[in-house]
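# Observations on chain architecture
Letter by letter, the chains look like this.
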Amino acid sequence: MPAARQPHHPGAVPHLSARPHVTPRHPPSIFETMTLLARQHGAVNLGQGFPDADGPEWIRSLAAEAIVTGRADGVEHANQYAPGRGDPALRRAVADHQRRHYGLDVNPDREVLVTTGATEGIAAALLALVQPGDEVLAFEPYYDSYAAVAALSGARFVTVPLTAPDFQPDPGALESAITGRTRILLLNTPHNPTGAVIPAALLSRIVAICARHGVLILSDEVYEHLVYEGRHHPVASAPGGWERTLTVSSAGKSFSLTGWKVGWLTGPADLVESVYSVKQFLTYSSGPAYQAAIARALPEGDGFLTGQRDRYLLARDTLVAGLRSAGLDPVVPTAGYFSVADLAALGVDDAQAAAAVLAERAGVVGIPVGALCGPPAHPGDPTPFGSWMRWAFCKSPEVLTEAVARLQGLGRALSG
């Protein structure tokens, strides 16, 4: 397995007056842009995927008590640095969770790393395992941080398109995209933005392809507890999957506590150690009181996870029905908390341009799916999924009812 990427130590910072003008490498994310648009027009925000209800009070109370007293179960200084690898109690809880839900035997001391949210886990893994000139593969559309972090690592970001309506990976297309420089397949199941879940048999084929070509897998599984039909299949549970897969998970997504930024990464000890060698120079550690609370939530929170899944299933059906009555044919997601729909049915070929119109005239905001894709393969070609919009349903019944009412004005808003 590869050695960790060596940290870069820049020299002295030049005097401010001597510094050249610096242009940001990346503009504000599409999520920030759409959220600002919703605020500007007082629109219902079905764009950014955060729940509008906090997670269970008993979990929040555990963190609050730890912050006030400075103590929590097994944590002596709950307001100071947590161990760089994460609270030992949380790492044990993560290992137990993987065993209880998926039958995976994980060593909490060597094969679990707590991260500042799943996003840091993904970033630290790519920075640790990818060298400039390597290639990172992902299926398109994809969560926008994937391409940004691949660029920061110096890698070339290569995408393999998914197709509606099932959005399942094509093994043949995947294998054709692999080259001698392909280092990592960045997989996402359940999938954002489409809600597709990769079945076990297809995962096995994907793992076999990666094994044949010596490609590692970084698997983003943050929606693992929001599967409405069937069940979640971790990539690491597929034959041959464990030894080449790093799995990223999120307490924020599972327990509706996205602002806590508690995530974790599991996998073979040598890969986890490489990721830790980079993670220690990113955040080092974060939120010991939050970590202690999640250490209790994982073994004791299955009832909440089941209830939340059932609530979101009802919310999904409410949004899908509303989109249908507005003249669209939305994809019914198998998992997650988003539905995507093609606005071409309403005469739209550019969902990003339509977003501002919908915010102002219809009072509702989504995320253009084209913003979660790379540029067209050839100049002049249409943007992939350029007419598609993503809508979040992780909202209260009252908010969704209002959103559905406003969605009925989509056609009028778009026709001017």
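This text gives an overview of the structure that appears in the document.

Definitions and cut-offs
Residues numbered from 1 in each chain as written. Predicted model: local features only at pLDDT ≥ 70, side-chain atom pairs only at ≥ 80, totals over all residues. Heavy atoms only, no water. Helix = DSSP H or I, 4+ residues; strand = E, 2+ residues; numbered from the N terminus. Rg over C-alpha atoms; globule rule 2.2 N^0.38 Å. Buried < 20%, exposed > 50% of the residue type's maximum accessible area, 1.4 Å probe, protein only. Contact = heavy atoms within 4.5 Å. Areas by Shrake-Rupley, 256 points an atom, 1.4 Å probe, with all protein chains shown as cover. Lys, Arg positive; Asp, Glu negative; His and termini not counted. Charge placed at Lys NZ, Arg CZ, Asp CG, Glu CD. Pairing = 2+ DSSP bridges. Axes fitted to C-alpha atoms, helices over the stretch in contact; angles between N-to-C directions. Right-handed = clockwise from strand over helix to strand, strands pointing away.

## A look at the overall build of the protein chain
Counting secondary structure elements, the protein chain contains 14 helices and twelve strands. Relative to the globule expectation of 22 Å for 416 residues, the C-alpha radius of gyration of the protein chain, 21 Å, shows essentially globular dimensions. If one aligns the C-alpha atoms of the protein chain with their principal axes, the spans along those axes are about 60 × 60 × 50 Å. A total of 416 residues make up the protein chain; the buried ones form 54% of that total. A fraction of 76% describes how many contacts in the protein chain between residues 6 or more apart in sequence connect residues 24 or more apart. Split by element, the accessible area of the protein chain, about 17,800 Å² in all, is 54% carbon and sulfur. Averaged over its 32 positive side-chain charges, the protein chain has a centre that lies 3 Å from the centre of its 39 negative ones.

## Remarks on the sheet that holds strand β6 (residues 216-220)
Sheet architecture is open: seven strands sit in the order β2-β8-β7-β6-β5-β3-β4, paired in mixed fashion. The outermost strands of the open sheet, each flanked by one partner alone, are β2 (112-116) and β4 (156-161). Direction aside, the axes of adjacent strands within the sheet are offset by 25 degrees on average. Across four bridges, strand β7 (residues 245-250) lies against strand β8 (residues 262-266) in antiparallel orientation. When the sheet's bridge partners are listed, T247 is paired in β8 with T266. In this fold helix α7 (residues 200-213) packs onto β5 (182-188) and β6, with an angle of close to 165 degrees to the strand it touches most, β5.

## Looking at the pairing of strand β3 (residues 135-140)
Most of β3 is tucked away, with six of its six residues classed as buried. Remark: the β3/helix α5 (residues 145-153)/β4 crossover connection has right-handed handedness. The pairing of β3 with β5 spans four bridges and is classified as parallel. Its bridge partner being in β5, L137 is matched across the sheet by L185.

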